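Each chain is listed here by its residues.
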Amino acid sequence: MKKLCAIGEALIDFIPNEKGKRLKNVGSFRQVVGGAPTNVAASVARLGGESIVLTKLGEDAFGDNIVDTLNECGIDTCYIKRSKDLDTSLAFVSLSDDGNRDFKFYRKTAADLDYSKDDLPFEAIDDCGIIHFCSVSLVESKMKDAHIALLEYALKHQLVISFDPNLRLSLWEDHEALKKTVHDFIPYADILKLSDEEVEFITGNTDITKELGKLFQHRCKLIIYTQGKEGATLYFRDGRSVYCPGYSVDVVDTTGAGDSFIGAFLYKLLEDEKDLDKIAIEDYQSYLDFANCYAAHTTTKEGALNALANQKEMNSFINTIKKGSR
């Protein structure tokens, strides 16, 4: 089983100790490790796979916390860079009563945006089967250039590339620049994950089925369309599709749910070890269902990375939830 390589931000999410308040009114927070690409790598590691994270952290207490937590998860952290001059990124999260959230990022002195193509450990990437990335770190920076260098290398060496835009509009002053950036990077992807909230922003259409032709016009082989508790649909380049309903659970926090979904799905692909076009549609449906279940479990706990289940926890959860919670 090959490794997953995730590139992008690793940060500290400050989670409120009370729900139902706007960020300005929250009295206290606690810190948990997060960052979308990091959450995906952690999902793979927690389930028993191998993963690495390519990022840069500040030489500060927050960076130390991230490295310690990733090591505990089983992620290989030896390729993470540290900076004396820049800071570990922070995000403050406000949770509504239904578990949905708003973000305020502190990244003006972010060490992760200083990660450069010269920092890329190509010797480690050769052991990876899937490269995963998101859009938060695609603002104009050294990190964006590192993404391009990594993805070009992945194309040359025929590695599978997974792209989850994971849009954070508050980080972009120019939303048209964000849209253009996402469209610039879609051609790299073999697997494209889009949420129901992202489809309209990226395509201008609320009906993803009317945009599949455009989205598949590059190298993309799989498009995963997630719809929260309603489940997810997997679209294939040849026109086939598979839908799996979601699971009803008592939601505590939706932070990291989408990351855990794609992490679980990619874990199954790595475990399968077949080329994408050689996996049976029945197996894809099983992997999609597992990802739905894994994401549902994540929402029953607070935080992102610390809410991710290991294989034993998932087996217990699956046995419980499949008794009629849909």
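Residues numbered from 1 in each chain as written. Predicted model: local features only at pLDDT ≥ 70, side-chain atom pairs only at ≥ 80, totals over all residues. Heavy atoms only, no water.

Visitor: Just checking my understanding: could you explain the pattern of salt bridges for this structure?
Guide: Close approach of charged atoms lets side chains of opposite charge pair. For the coordinates displayed, the defined rule picks out 16 salt bridges. In this structure, Lys193 engages Asp164 in a salt bridge whose closest nitrogen and oxygen atoms are separated by 3.6 Å. Taken together, the residues span a long stretch of sequence, with Lys193 in strand E11 (residues 191–195) and Asp164 in the loop between strand E10 (160–163) and helix H5 (175–185) at a distance of 29 residues. For Glu271, the salt bridge is made with Lys268, and the minimal N-O distance between the two is 3.4 Å. (Salt bridge = Lys/Arg side-chain N within 4 Å of Asp/Glu carboxyl O. Helix = DSSP H or I, 4+ residues; strand = E, 2+ residues; numbered from the N terminus.)

Visitor: Is there a simple way to explain unusual backbone geometry in this structure?
Guide: What is expected of a backbone is that most residues other than glycine have negative phi and most peptide bonds are trans. Phi is positive for Gln158, close to 60°, though the residue is something other than glycine. Here Gln158 is to be found in the loop between helix H4 (142–156) and E10. On the accessibility criterion, Gln158 (74% relative accessible area) is exposed. Residues other than glycine seldom take positive phi values, yet Asn166 does so here, at roughly 45°. Mapped onto the elements of the fold, Asn166 is located in the loop between E10 and H5. (Buried < 20%, exposed > 50% of the residue type's maximum accessible area, 1.4 Å probe, protein only.)

Visitor: Would you take a moment to explain the sheet that holds strand E14 (residues 241–244) for this structure?
Guide: Sheet strands pair by backbone hydrogen bonding; their relative direction is either parallel or antiparallel. Pairing is mixed in the open sheet, where 8 strands are placed in the order E4-E1-E9-E10-E11-E12-E13-E14. For this open sheet the edge positions go to strand E4 (51–54) and E14, each flanked by a neighbour on one side alone. Going across the sheet, the axis of each strand differs from the next one's by a mean of 15°, ignoring polarity. Sheet strands touched by helix H6 (residues 196–203): E11 and strand E12 (222–226). Its angle to E11, the strand with the most contacts, is close to 105°. (Pairing = 2+ DSSP bridges. Axes fitted to C-alpha atoms, helices over the stretch in contact; angles between N-to-C directions. Contact = heavy atoms within 4.5 Å.)

Visitor: Can you help me understand the packing of aromatic side chains in this one?
Guide: This structure, assessed with the given rule, holds 11 aromatic pairs. For the ring pair Phe133 and Phe163, a centre distance of 4.3 Å and an interplane angle of 5° mean the geometry is stacked. Taken together, the positions of Phe133 in strand E9 (residues 128–133) and Phe163 in strand E10 put the pair 30 residues apart, joining distant regions of the chain. Across the pair, Phe163 and Phe133 agree in class, each one buried. Joined through ring pairs, the aromatic side chains of Phe14, Phe29, Phe62, Phe92 and Tyr106 make up one cluster. (Phe/Tyr/Trp six-rings, centres within 6.5 Å; stacked < 30°, edge-to-face > 60°.)

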